[in-house]
Amino acid sequence: MKYKVEEIQEKIHIGQLEGIGERLEEDIAGILNRAGIYFRIFSRAKTPFSIAGKLEKDGYGFGEGDKKIQDLIGLRVVAYYQDDTNIIRTALDKTFRRVGEWSETDNSEAEFKASKLNGVFCLPDEYQRIYNGDISRIPAELTFEVQLRTISFEGWHEIEHDMRYKSPYGEEFWRNNGNLSRTLNCVLANLELCDWSTISVFDQLSYYHYEEGNWEMMLKGKFRLRFAAQPLASELIEFLDENPAVAYGIYRCSREQVVFALLREGNHGQITYDLLLKVANEVVTGYDGKLKKRLARLCNEVTKEEKTVRSERLELKPLDVTPAFQLNVQLSHNESVELHQEFMSAVQMIGNWARSRFRNIANDIPVTPVDYELHVAGYNLKILGNVSLGIYKLELDYVDITRKGVVWRTNVSLERSSRIRMKVACDYCHPPDRFVRDSFAKPRFVDEIFRKIGYEDVLPMSLKPRRIRNMEDVENLSAFIVNSARNLPVVLAVEEEDEERQINISRLAETVGTYAHVYLVDKKAVPGLVEASDYTKEELTGAVWVTFRDGEDKFFTRKMIEESRFDFNRYAFDQGNIYEKAFRHKLVRLIKEKNC
């Protein structure tokens, strides 16, 4: 390739372009919501690979007549109704500074093509100022492209691009199959007919309600906007009943003019039938001026109570704090290694993790137990350390750039005495009404310290299941479960008679072995387990038993395991026992939630 993907990735700062695209998406959505039209909007930033691939094509360069990439940021606005595309187009032209002309589909009378409307606009200065990437080394401009589509053609564009225009086989894909290509064009013709027919249906429905004097339903069918669930005021209904010329003028007025009148109306939280009648009356000229003034006064009286009341300054409220991960363990000790060396090694792994979190914020974060503080907007780090006392404490919090309003907080402590005790507490802080889908967040250093040093929770932690083979093992397990010094849960899986039905206990231990003890009871040890518990052999065979520190037990019989199902089955087409994966997923989720 003429341009290396790695260099583009380093210079262009795709993450910033994605953020600017999201801001532009919000800006455009705000305008269209004020207009009340139905739409969907999506944004994306071009990937480094896509940029490099596009620049491989002919015509791109720094010469006077050469092309430049204009869609580093792309937005797609999908309108529900075909006539809304012109409204959106005009709104964009009035809001942003367009570069060149709109690119439109050039259809002749004898052919059908997928309808498209693409425009390129200059990136607003306020967004250019916050962008610090460097595009000077590639032929590209700080512009963004907007594609306008109707809902009918939205999915079709993806099909046509992949199977026709961007097919890797070129013309060979359709060679000698002109009849099939023609059939594809027939589908396009039907889509175009769908767009036209939808508007025609509602126009006719609007006329029916006009003749019936159903003024609110006439407005709904005529303007096809997102109306609030607030009926047309009785005073206005009465006025239209008494003045059919006004009702006819409203019915015959230009929908496009009324929509733009809504945009000029200023800030309104919602579009009501009363508000729409008010702005329609302002642009309609087809009836007597005195009636126009009377209706204007009446609309002002009705809508003044609907004006959005300016909210009082919102009071700041404390964020809710939800635990995301907790661990309280003793580090293992290798007698051939000094305890001080293990302490320093654990500190270094935690320090390196903090560096990776703040790699673009600070480059002087220590990886030894010394005092350190960093406070910049959205990022805070405080370290207290003393080598001689064997103490290390780290407090770190930062704003989540992918979840609005969320702050992550991590507290870690290491205390060295005869052994090293480590405590980890991770929380996410969020507004009381905001839900974060994944609350479990185990820091990377937790696994790294485990691999290089190891953990003990009365017994050493392991990523492999321990086997219970005889009565002595059962007795030791029972003593361990009731040990008050134990902090982490114990998972006990009883061996199946049929190996194919056995839960994958090895995979479970690999997943939760740093914060749960996992055991597999051999078939030979089941009689001893029956003697030590209140369960029968039939109940225990193939069962899974989980015991938490607080004494809470969860017992899953073989039947319960076999009846496990995914709410969203990502493994629907996999081979093997899906119920086993579903149960294991459920079990991991239970342990994680209990940890939090």
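Residues numbered from 1 in each chain as written. Predicted model: local features only at pLDDT ≥ 70, side-chain atom pairs only at ≥ 80, totals over all residues. Heavy atoms only, no water.

**With respect to the overall build of the chain**
Each helix and strand in the chain was counted, giving 21 helices and 18 strands. What you see for the chain is a C-alpha radius of gyration of 33 Å, clearly larger than the 25 Å of a compact globule of 596 residues, by over 25%. Each principal axis of the C-alpha atoms in the chain carries an extent, and together these give about 100 × 70 × 65 Å. Residues counted as buried form 44% of the 596 residues belonging to the chain. Nonlocal contacts in the chain, meaning residues at least 24 apart in sequence, comprise 66% of its contacts between residues at least 6 apart. Looking at the chain as shown, the accessible area adds up to about 33500 Å², and 48% of this sits on carbon and sulfur atoms. Distance between charge centroids for the chain: 2 Å, based on 84 positive and 94 negative side chains. (Helix = DSSP H or I, 4+ residues; strand = E, 2+ residues; numbered from the N terminus. Rg over C-alpha atoms; globule rule 2.2 N^0.38 Å. Buried < 20%, exposed > 50% of the residue type's maximum accessible area, 1.4 Å probe, protein only. Contact = heavy atoms within 4.5 Å. Areas by Shrake-Rupley, 256 points an atom, 1.4 Å probe, with all protein chains shown as cover. Lys, Arg positive; Asp, Glu negative; His and termini not counted. Charge placed at Lys NZ, Arg CZ, Asp CG, Glu CD.)

**A few points about the packing of aromatic side chains**
Taken as a whole and judged by the stated rule, the model has 24 aromatic pairs. Each ring, one from Tyr207 and one from Tyr210, has its centre 6.1 Å from the other, and the planes form 35 degrees; the classification is tilted. Of the two residues, Tyr207 and Tyr210 are both situated in helix H7 (residues 178-212); the distance of 3 residues between them amounts to about one turn of the helix. On the basis of relative accessibility, which here comes to 37%, the residue Tyr207 falls in the partly exposed class. Given a relative accessible area of 18%, Tyr210 falls into the buried group. (Phe/Tyr/Trp six-rings, centres within 6.5 Å; stacked < 30°, edge-to-face > 60°.)

**Section: the pattern of salt bridges**
Taken as a whole and assessed by the stated rule, the structure comprises 28 salt bridges. Residue Asp522 pairs with Arg469 through a salt bridge whose shortest N-O separation is 3.7 Å. Highlighted residues: Asp522 in the loop between strand S16 (517-521) and helix H18 (526-532) and Arg469 in the loop between strand S14 (466-468) and helix H16 (471-481), separated in sequence by 53 residues. A relative accessible area of 10% places Asp522 in the buried class. For Arg469, a relative accessible area of 49% corresponds to the partly exposed category. Residues joined by salt bridges that share partners form a network here, namely Arg44, Lys46, Lys54 and Asp71. (Salt bridge = Lys/Arg side-chain N within 4 Å of Asp/Glu carboxyl O.)

**Quick word on the nonpolar core**
Leu24, Val77, Leu92, Phe144, Leu236 and Ile250 are the most contacted members of the largest nonpolar core, which totals 81 residues. With residues up to four places along the chain from it excluded, the contact list for Val77 reads Ile28, Leu32, Phe39, Arg40, Ile41, Ile88, Val146, Gln147, Leu148 and Arg149. Among the nonpolar cores identified, the runner-up in size contains 65 residues, and Leu327, Leu331, Ala509 and Val544 belong to it. (Core = buried A, V, L, I, M, F, W, Y, C linked by side-chain atoms within 4.5 Å.)

**Some points on a nonpolar patch on the surface**
On the surface, a nonpolar cluster with roughly 400 Å² of combined accessible area is contributed by Ile159, Met163, Tyr169 and Phe173. Here Phe173 is to be found in the loop between helix H6 (151-165) and H7. The partly exposed category is assigned to Phe173, whose relative accessible area is 36%. (Patch = residues over 30% accessible without salt bridge, like charges linked within 9 Å, V, L, I, M, F, W, Y side chains within 5 Å.)

**Quick notes on the pairing of strand S4 (residues 117-122)**
A large share of S4 lies buried, amounting to 6 of its 6 residues. Here S4 shows no split at all, with Leu117, Gly119 and Phe121 on one side and Asn118, Val120 and Cys122 on the other all buried. One ladder, built from 4 bridges, connects strand S3 (residues 98-104) with S4; its direction is antiparallel. Its bridge partner being in S4, Arg98 is matched across the sheet by Phe121. By the bridge criterion, 6 bridges tie S4 to strand S5 (residues 143-150) in an arrangement that is antiparallel. By the bridge assignment, Phe121 is partnered in S5 with Phe144. (Pairing = 2+ DSSP bridges.)

**Observations concerning unusual backbone geometry**
With phi around 50 degrees, Arg224 is a residue other than glycine that occupies positive phi space. Structurally, Arg224 is set in the loop between helix H8 (215-223) and helix H9 (234-242). Despite not being glycine, Val458 has its phi angle at roughly 70 degrees, a positive value. Summarising the element assignment, Val458 is placed in the loop between strand S12 (455-457) and strand S13 (459-460). Taking the relative accessible area as the measure of exposure, Val458 reaches 40% and is therefore partly exposed.

**A word on helix H13 (residues 289-303)**
With 15 residues, H13 extends 21 Å between its outermost C-alpha atoms, agreeing within 8% with the 21 Å of an ideal straight helix rising 1.5 Å per residue. Listed in full, the buried residues belonging to H13 are Leu291, Leu295, Leu298, Cys299, Val302 and Thr303. Summarising the axial view, the buried residues of H13 lie within an arc of 120 degrees, below the 170-degree limit, and thus occupy one face. For H13, the exposed residues set more than 90 degrees away from the buried face come down to Lys290, Lys293, Arg297 and Glu301. Sitting at the amino-terminal end of H13 is Asp288, which places a side-chain oxygen 2.9 Å from the backbone nitrogen of Lys290. (Expected span 1.5 Å × (residues − 1). Arc of directions from axis to C-beta. Polar contact = N/O pair within 3.5 Å; in protein donor to acceptor, adjacent residues only side chain to side chain.)

Shape is all these values report; function is a separate question.
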